[in-house]
Every structure is written in C-alpha cells, then in structure tokens.
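These are the residues of each chain, in order.
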Amino acid sequence: MKRAGRGKLTGLWLGITAIGLSMALAIPSVDAAGRGDKGFMDSFDRMAIHGYVDNFSILRSDNFKDDYHVASSRYRASVQLAGPLYVMQDYFQRFEYFIELRPEYESIYDISHRFGNGRNGKVSGRSGKPSPNNVALLQAHGLAPRNYGGFWPKEPNATGGGNIEFLHSLTPGSTYGVPGRDVDSRSRGYYGLDASQNDLRFGMLRETNMDLYYPVREAYLDLFWRGLGGRNWLRIGKQQHVWGKADFFRLQDVVNPVNFGDHFFIDLFDDTRVPLWSALFEHRFGNIGFLRDVAGSVVYVFDRHTPTGLGHPAQPWATGFGRTIDGFVFGNDLFSSVVFPNMADHYSGATADRPYVPFKNMALYKNRAPHWNLKNGGVGMRWEATVGNLRIQVTDYFAFPDLPVTGWDRLNILNTPGCTTDGNGNSILPADRNDAPITAEQLAGADPKSFHKDGGTVVNSAFGPVVTGVKPKQIQIREAGVFKEGQAGYGTKAKNRHAKYANLCGLGGSLSARYRKTNTLGLSLDWFEPYTGFVVRWESSWSTNVMLNDTAKIDLVGDGNAFKWVLGIDRPTLIRWLNPTRSFFLSAQAYGTHYPGSRAGRRGIVSENNNFIFTVFAQNHFMRDQLVYLVFGAFGTAAQDGTTGGNIEYLITNNWSVTLGFTAFIGARHRHDLGSFAVFNDGSCYGGLGGPGSCQGPYSEAGFGLFHMQAGGSERNQMNEFWGRLRYRF
Amino acid sequence: MKRLIAFSFLAACSLLWAQTSVLAQGGDATTYTRDTFEQWFNETKDAEPEFNPGDTLTHADLPKVRPFMFPGYFEQFEKWNDGTLQMEVAETYNVTPHQVVRDCDEKFQKQVTLAADGALENYICGYPFSNDDIRTETDMNIAGLKVAWNYDKRFYWRGYFVANALSTWLRFGGEHETPEPTKPPDAWIGGEIDIDTDWDYDFDKIYGGGGTYERSLGTFYHKAYHSQMAMYPDNNYNLPENDDAGTVHWKEFTGFFEPYDVRGTAFIIQRYIDPRRTDDGWAYVPSLRRVRRISAEVKSDSLMGTEHTLEDFYGFSGRPLEWDWVFWGPKKFLTVHALTKWEDDGVRYGGPDGWLNDDIWQIRELFVVERIPKDPRHPYKSAIMAIDPQTWETWNHIAFDRKGKLWKLWQWGYQWADDSKKYTYMNANRGAIHWRNVDTVDIQNGRGNLWREYAGGLPDFSMDYINGLYDLNRLTELHR
C-alpha cells in the first residue's frame, strides 16, 4: 500500500476541520431521548456485521463459437460493519458508521496462461498475437513477443496491409523496459499502467483507489441533528454519491467514477462505482409552499482525482480503450526508440554518442492528472422536491471529469519544404528552435528546460529529417507548402487543413492526457401515470465548455458543450400465462447525447453529433422469489453496436445463492482520421511503414474508435461470455 | 296419517342428507370451490355451538367445530391428529373501541353517504356506518360496500409499528429449524422507543409443530395515519404539525433488513383520502443506491415472493372502489381473536405443518363479506373475509383462483392492545386492536408464509419522528 503525500493529508485534515467548525456553529443541543445512559462501548452491542464471500467466474469465447476458455475466477469478500455510535448524544440525534472491507483475489493469473506473467502466448478477447512485422520489431529491441498483444480494429488484408495494429503489453509491471529509453512512460503515461501482478491479483488498483486504502472500500460517519429550521445530515468519509434516475447511464451520476475494468457495465454500479473521500451535507426543509419533501445538499469531494477504470491490459476485463491507452503509452517508448535511435529522451541520458532530443516521443507520454489539493476537488449540489405528481431533482457538479481528452503537447513534423515552409521557402514553424540534438557538452551547466523550444529540435530520424517537439498551435498551417498547387494537399478545404497537414507532415508527437474542470447541470424527474400504470423517468445534463477530442484540430483538442438526456419508462406488468402470481418489471430507455455546434464525422469530434442508445430490461421472479431472472439489451446508433445478456439467480437458502449469466456483444465499425499516425497506415497512401495494399486512407478505428463504444459491442465481439457466481451471504 | 309420517321421515332424511352433504365433506380442500363455501355458509349460518366456554376441545371434538370454521381451514385441523390439539374455549371477549371513536360515531355517522360509484361522502372520522345499519341494509351489495368502508376506516390508534414482522416461508410436511428474529437497524427505530427491554421470546416454543421452514425475512413496518383521526378533534381530526394531513389518509414504511439479499430495501406508500386517487409509492433499492418511483397499483403482485399480495395486507389493503362487495351476513365462528394466553402477547404455532394457532379460542359473531375484483386480470376470482364487527379486523379470509377453486387461506391474529403484557408503553389505553400475526397457506401447492410480530404496538411517535421517517429524502440514507 502506498502512502499519501504529506501535503495531501494536510489538505484532508484542513477540510475535515473546516467541516467540523461549521457543524459546531450549526448544531444546537438536542435531547438524546430513548438512548438512556448508553455509552460508547454500548455501541458495539448494536454493530451489524453483514456481507458475502463469493467466486465469480467467466467462460469466454469468440462469438460463442470457439476458443472457450476461463477468463476470470475472482474470489471476493465483503464485510460490512454498521451501527450507531453512542457519542456526542447531546448534539446529535443519531451518530452512525458504516465500513465496507472488500478484499479480493483474482486467481486467473495463477490458473491460466493467458493473463499476467507466465503466459504462454495465447491471449483473450479482442487481441491476438502480434503480426510478423511487429514480432520482428519487438525482437529487434530485445522484447519477447509473447508478452505483447496486437490490438487491431480491422483484420489485415491478404497482402499484409490493412489497418494499423497497436502493440500493447500483456504483463503487469512498473516499467516497459524498452531499450534505449531513458524515461519509462509506463508509470507516467496514464493511471494504473504500472500495476504489478499482485496489484491486479488482489485488486489493489489505482482506478479504484484501492492502491491507497485497501481493503477499505467505504468508510463513513453519518451524523443527524435538527437545526437551521429542519433536519440535517452530514455524511463524511469514503462514500458513493448517486444522483439521477437513469439506469445504466450516468448523466447526473457523475460524482463518483466507475471501474469498467471489473466487468464493464454488466456488474451493478453499486459494485463498480468507486467510493471517494468526500463530505455530503443535506438539509431537509420538509414542505415549503407547494413543494413537498424538499431537500438541498452540497457535496465536496476532497479525494485525489480518480479516473473511470478502463482496465489494465493484463486484466481479463480491460475494456478496449484500456488496451488502447497502453498501446499508445508503450508505443510511445517503443516507436520513439525505433524512429529516433541512439538519442536520449531525457537530458540525464545524454552522452557524447547519444545527444538529447527534447520531446523525443511518438505517442502518449504523460498523464496531466490534477494534483491532489483542496482546490482540485469536486463540488456540487443537489436539490430535490415533489411538485404535484412529479419528483424533481436538480444537480450541479463542478469537477475534473473522470475521462481525459488526449491532445498533442508537441508534434513531430517531417522536415520537408512543404511541411516546414510556405510556398516561398519561409518557415511556418516557430522561429525559436534547436537546429540539432543537444550534446552533453551543451547540457553541462545549462538549464535543460532552456532547450525546450517552441519550434522543436531538428533531428535525423529513421524517416529522414524531422523536427521533433513543435508546439502545434504555433505552426502556420494555412501557409504550408503542402497545400499549394501541385502538392499533395492541394484543394483541401480550409476546415480540413489541420487534419490533412497532420496526415502528410506529422510523425507522431508528444501526446498527453488532459483534464479540465467541467460544470454539469442536471435535471431529472419522475412521475407515475395512473391510467397506463407507467412510471416515466427523465434525466438530462448540460455540460459546458468541455474538452472534446477533435481530429480536425491540429492538437486534437476542441471545445464544445454536451447535452445528454434519458427518457425511461417502467411498468410492472402481470403476464399471467407466463407467471400468474408475480408481475414482470419491464423497463425501456432512450438515451441521447448531443454536441451542438461541434463537427463530427471522419474528421471532427470522435463521437457523432447526435448519438442514441436504446435499452430494454425485464425482470421476473419465480418460486416465491427464490428464482430471479432478468434479460437486457442495449443498442447504440452511432457505433451500430450492442450488448445483450441476462442472468438467473437462485437463492438456495437465506445464505447461499448461485447466479448464471451470459453476455453477448455485437458491433460494427467506424473509422476516424489517424492524424499524425497516418504514416503508419497503408503504405500505398503515404509510403510509410505500412505494407503495400489498397489504400485505406488515413482512417482507422484505432485509437478514437472506442470513444463511441457506447452500447458495448463495437470492437468487443470476441468477448462473449457465460459467467457464474456462487455466493455465501451473512 | 301414515302418509304424513312417511313424508316427514323422508323430508327429515332429505334435510339430513343435504346437511351432511357439506358437513360430511372432508379431506381434499383442493377441490373446494366458492360454491362449497356458499353452501357451507347457508347451512351453518344459524348454527349454535355444542360446546361451552371452559371446554377444551380435542381432535375428537372437531365435528362440533366444523360449523364454525371455514371449509379448507377446518381440514387443516383435521390433520392435527397427533393428540396435541388442545382448543381451550373461553368466554367471548367483547371489546369496545376508544371513547374518541365512539364520539366520532355519534357526531358524524348520520351524515355519511355513498356516492353513485360507491365512494364515501361526508366522512369525517370514526366508523362510517353502524353495525345495525349494515345488518338492516336490504341491498347486499350496498351492505358489502358499507362493510368495506368500515374496514377501510377501522380504528388503529395513530398507526401500527412492529420492529420485526418476521416472515417465514413454509412448506407442508417435514420438520423445521427455529428461526431467530433479529432487531432492525437503530436508524429505523429512532430513539423514541425501547424495544430491547421486552425483547424476550422463546422461539422454540413459538414455532412448534411440524412443517419445513425454507427462508425467513426480517421486516420493519410502520403505518402512520395522517387524516380522519378520531383523537384530534381540535385539529380537524388531522395529524398535527404535518403538511400532508388533510390530503393523505396514511403512509406506510416497510423496510427489510434480513437476509442480506434484501437488506436495506424499503418502501414508502401513500394512500390518499380521495378514494379515487391512486396510491403513490417509492422504493429504495440497495443495489442501485437510488430511490425509485414505483407503481403501487399492482396490488395483486406477490409481496417479496410470499403468498401475500399487497392487497391482502390486513385482510384487505386495497381500494374499495376497485372491488364489488357482497355482504353474506353475520355468522358465528370459533376464533382466536383479541385474546391470548401467552406471555409474549403473540401467537404460537402448532400442527403437523407448523402454522395453526395454538391459543385461546372463543365464539364470535363475524360479518362475512365477499369481494370480487373489477379487474378481469386479477389473479383472484373472489375473496371471502370473516370480519369482527367489534374490532373491524379479519379473522379468516379465503381467496379463489380464476377457476373458482380454493387457492389460499389466511388466519389473522390480533391482540387487544390494552391487554398487552409486553411493550405496554405503546399499547396501554389505546382502545384498539393491534396486529400480531398472519399466516397464509396456498392450499393447492402445500406451502405458505408465517408473519409474526416481534416488538410491536401502537406507539405515540413524535411528529418529528413521523415527518422524518416518511421524508422521501430519508430513503437515500439507507445502505445495506
């Protein structure tokens, strides 16, 4: 377990102190009626201990046809302690606690050769052995091909060309160990990539905060008192905040991230939502005029920034994007060594034979995660009230999002006239530039950062002369020679010039994961319609000034707004011929995401402007509720993908239960501009690394395609599964 | 003369044959239909008992009991033939409701009428109709409706509370392990009452007899009346300091705290005083950590997989206007009602299947009413209730499936609150009945549910507690 920094803990205590002082001002004395003379030690007489122990296993296959194999066999225990605390009884009507300890053991690393260290080369899910070209590349760098998977969104064609294949690691560890690399990107490129096998084995993951607090999943205090004219509730500790009324979708439910690395969205959010250190204060007003059951609450999250869990690539359930991220980070180290051999990527590695090249990167090299301090926490509020037949909820949350946007900090530009000059030979790059890699002699006694010039560094690469590390927004792209008559980019529309310039002139760069605080305003309501028996739910959110990945931008980052909505209907329905005593719970939802004013398509934001997902859900009970079964389906229009599944749970006794389920993924593909990675695509287009073949253009599903993996199916249709859970509850 | 004698003899034989055609029936209750009950009722409605207070009836005496027990229910006692059946018969225990109820009856009964659709009009508090009014009503459908409204408005003090209404899933035959009920979370009870002091039960003795117990569910329950409350004349008969009084008739909070798979699940249901207005309901689902709006209108759904539907609560918890009602008339029954010999105020179970009452019996005259659902999709074709017109609670009720066959039987247990030996602080001087058990069996499938009270009564919770318990925002506090 890692220790938190002192500065972070100081901030935590400051926050707690501030809250405590506020409470002291707001709390009058209250009667401790009914509790008599119970003291602190009496509290433990009323401690409730509940929980479960279970094994959860997945049998995976390729489209239910072949390659059946066990993909997970996880043992998990949850021990939940809850009860009253008979302290400060003069101040609080109730003082309670709740703690959940949840250790686990994923045995797949020890029982299967497909995951983690000790693998025999066969992998699982949409990832296969690297192609021959990539095998050679790995071997040339002293890396064992068996430790890497090839992630490709489209099958290579018969002539060996085709879409780009990204290598990603299959083994855990703290470094990639690419020879020739001074700074290993594994721990810097993104959250959790440097997890060890034991971290994965025992669930001590960065994405779940279990690297710090294992095995404490939740731990909070509840305080209740009357004051300020109503009832007050303070919950402080590691907790989940659940807002909104939609199933499966998170519009208002944005305070806590979720970990999709466990079992995607098949598992309940209650199990996958990541509890955060935070404080919730709620004041219940009661009825105010025509508003009934009015409550207002504020939330302050003072935990460190925690991302949505995408899965470590060595985990069975790494989502496609989790593997892609690893591919981009590993690829950064590998390809920077391939493209810029015998050059130091850090000034400390510079020698007489090995000069320093600032921003010697090819892909994702840094995660610009928000620092852990009070200022970077999330703050929000929620208001609820009943108006007539409507139950309304208004929320607002201002925080860093739990998914980043990746953008070019620096670009590598081919040092050819059309790319670095205008039609008249004038440079279009920033003037401040290193004309050659920095020698060790130059570095001696100098500030290394003084060589981080906006115009980059001129170097000789495996592709010929290149200017590395150019600030992309300072390139005068419209003037570039490639757009002049007779040149490759001639006739490109103005709106596409950034993307085309990157296709023709780019050679990777320094990509970072970026975060910017976003405000999300949400509104939801529900009402019961008595004549039809429907419960109707509506939830919507408006996020302003969000960062969006936009392939039409030179640095891949655009700004926009996002409007999301869900309309759901529920109806318990008695279908007598199927079940004469128990009604079916039927539910359907339509979900829309809109990016007004943004441009989408092959070039533009990587989601469509308007995306829709439809879900259906049905649940019923048999055998006096001892047998519970459900089926669901989800389909997304943007990615033309879907997921369907279901499970049956049999409650054997009050303690034992067994659940069997299945999940099937279906999906098609879209394709996005590859930007400065286009050179790695079909060589017949750009004469780059890709082999000959019919030109596919600078487009691929690789990288951004998974942004629209909305209903789960796209790119995942080799991870169909049967799963089972045997649980003992107490 | 000879012809007269012969004719008389033949007539007597015919009558005897007709009587024994029902009275002689026995054994297979699964073949009984609604007609069986109607025939039994007509044959026995004027029957007088051949036993007296002070007698202890055994299995051999069951033929004397038959006229005073519903068919189907009687056969369950016939199975209790191991020699342990002891039905102690006591004097009929007559009770009168609290003075505040009688005051309301006196003031407002005369003004109450029925609308064309059967809705109650001009009702303020107390019982809408007097028992004499019902007895003398010539239209049996109207009489039935009056019974329904009296039942709907029965006096339950300010509402009922039980810390654990333990529900146990039962199957006929076999043996069982005794369930051991636990206490609900402190947060639900609040700090106003103490359930610990009197929490002293001998579970082995409670759950006697046979029967297989498959599963148990711990349930916390509270019902709070908000309007039409006889004890608040100064507040227009509405609950004071409550903004929903005058609109809402009652609210119910039901929370499950064991076993783990249902722990934390809770419901709030609101019934309005407007009889035409549908109920509102909300549920907290722990696996979602969210409060969900629910349709409270599927009342014919099984409650948590028990043999009970939402409508079967308290004998009938639905809305009277959704049923047609037919008053069959008054009749004497042998009941366990309002009186107990046990120190813990509750039922004890016995019999080969472990669900029959083992307590003091008494003859009581009950009102028998049949209710027929207006919804043709309802699982029941009809149900028959035997209601005590002193306490206005049910003793037995019966439900028939869509084919008209006997499907389920209920035996209800109530205690006159003022006689309680436990939790007296929330039962004394109430002048009302309080629930202590309901036991349901599915005759066709040989299974059922026992629901038994542990720590219950009619407390005087503060307005603060009530307003807090039923605040919808409160549900989000819950966790497993």
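Residues numbered from 1 in each chain as written. Chains lettered and ligands numbered in written order. Predicted model: local features only at pLDDT ≥ 70, side-chain atom pairs only at ≥ 80, totals over all residues. Heavy atoms only, no water.

Student: Can you lay out the interface of chain B and chain A for me, pointing to particular residues and giving the numbers?
Tutor: Contact with chain B, which involves 63 residues of that partner, is made by 70 residues of chain A. In total, chain B and chain A occlude about 5400 Å² of area from one another, counting both sides; carbon and sulfur atoms represent 41% of this. In terms of surface lost to chain A, no three residues of chain B exceed B:Tyr260, B:Arg289 and B:Arg293, which account for 15% of the buried area on that side. Our count for the contact surface shared by chain B and chain A stands at 17 salt bridges. Run the count over chain B and chain A and you get 36 residue pairs in polar contact (both at pLDDT 80 or more). Counting residues per element, the ones that place at least two in the side of chain B that touches chain A are β5 (161-171), α8 (186-189), β6 (212-225), β8 (266-272), β9 (280-285), β10 (290-294), β19 (447-457) and α10 (463-469) of chain B. (Contact = heavy atoms within 4.5 Å. Buried area = accessible area lost by both parts, 1.4 Å probe. Salt bridge = Lys/Arg side-chain N within 4 Å of Asp/Glu carboxyl O. Polar contact = N/O pair within 3.5 Å; in protein donor to acceptor, adjacent residues only side chain to side chain. Helix = DSSP H or I, 4+ residues; strand = E, 2+ residues; numbered from the N terminus.)

Student: I'd like a rundown of the packing of aromatic side chains, residues and numbers included.
Tutor: Tallying each qualifying case throughout the model produces 77 aromatic pairs over all chains. Ring geometry for A:Phe92 versus A:Phe95: centroids 5.6 Å apart, planes at 80°, classification edge-to-face. As far as burial versus exposure is concerned, A:Phe92 and A:Phe95 are alike and both buried. Ring centres of B:Tyr160 and B:Trp435 lie 5.9 Å apart, and the angle between their planes is 75°; this geometry places the pair in the edge-to-face category. Remark: B:Trp435 occurs in strand β18 (residues 433-442) and B:Tyr160 occurs in the loop between α7 (140-152) and β5; sequence separation between them is 275 residues. Judged by relative accessible area, B:Tyr160 falls into the buried class, the value being 1%. Three or more aromatic residues joined by ring pairs make a cluster, and in this case those are B:Tyr156, B:Tyr160, B:Tyr221, B:Phe313, B:Tyr314, B:Trp435 and B:Trp451. When the ring centre of A:Tyr52 is taken as origin, the NZ or CZ atom of A:Arg727, which lies over that ring, is 3.6 Å away. The ring of B:Trp323 carries B:Arg371 above its face, with NZ or CZ at 4.6 Å from the centroid. (Phe/Tyr/Trp six-rings, centres within 6.5 Å; stacked < 30°, edge-to-face > 60°. Buried < 20%, exposed > 50% of the residue type's maximum accessible area, 1.4 Å probe, protein only. Lys NZ or Arg CZ within 6 Å of the ring centre and 35° of its normal.)

Student: Mind laying out a nonpolar patch on the surface, listing which residues take part and the relevant values?
Tutor: Residue and element names in this part refer to chain A. A cluster of nonpolar residues, Phe285, Ile288, Val298, Met381, Trp383, Val394, Leu521, Leu523 and Trp542, forms a patch on the protein surface that exposes about 740 Å² of accessible area. For the nonpolar patch, the secondary structure elements donating two or more residues are β9 (276-288), β12 (378-387) and β18 (518-529). Note on placement: valine 298 falls in strand β10 (residues 291-301). Exposure remark for valine 298: the relative accessible area of 43% places this residue in the partly exposed category. (Patch = residues over 30% accessible without salt bridge, like charges linked within 9 Å, V, L, I, M, F, W, Y side chains within 5 Å. Areas by Shrake-Rupley, 256 points an atom, 1.4 Å probe, with all protein chains shown as cover.)

Student: Would you mind going over the state of the cysteines in detail, with residue names and values included?
Tutor: All chains considered together, the criterion is met by 2 disulfides over all chains. Each disulfide pairs two cysteine sulfurs, and for A:Cys419 the partner residue is A:Cys505, the sulfurs being separated by 2.0 Å. On the S-S bond that ties A:Cys419 to A:Cys505, the torsion sits near -80°, and the link is left-handed. Linking A:Cys419 in helix α9 (residues 417-420) with A:Cys505 in helix α11 (residues 497-505), this pair joins segments that are 86 residues apart in sequence. Across the pair, exposure class does not vary: A:Cys419 and A:Cys505 are buried alike. The disulfide bridge from B:Cys104 ends at B:Cys125, spanning 1.9 Å between sulfur atoms. Here the disulfide of B:Cys104 and B:Cys125 is left-handed, its torsion about the S-S bond being about -95°. (Disulfide = S-S within 2.5 Å.)

Student: Just give me the short version of the sheet that holds strand β14 (residues 405-414) of chain A, but keep the residues and values in it.
Tutor: Residue and element names in this part refer to chain A. An order of β11-β17-β14-β16-β15 is seen for the 5 strands of this open sheet, with the pairing classed as mixed. Two strands in the sheet have a free side with no partner beyond their single neighbour: β11 (364-367) and β15 (457-461). The sheet shows a mean angle of 30° between the axes of neighbouring strands, taken without regard to direction. The pairing of β11 with strand β17 (residues 506-514) spans 3 bridges and is parallel. Among the inter-strand pairings, asparagine 367 is bridged to a residue of β17, identified as alanine 513. Helix α8 (residues 320-339) rests against β11, β15 and β17 of the sheet, and its axis sits at about 130° to β11. (Pairing = 2+ DSSP bridges. Axes fitted to C-alpha atoms, helices over the stretch in contact; angles between N-to-C directions.)

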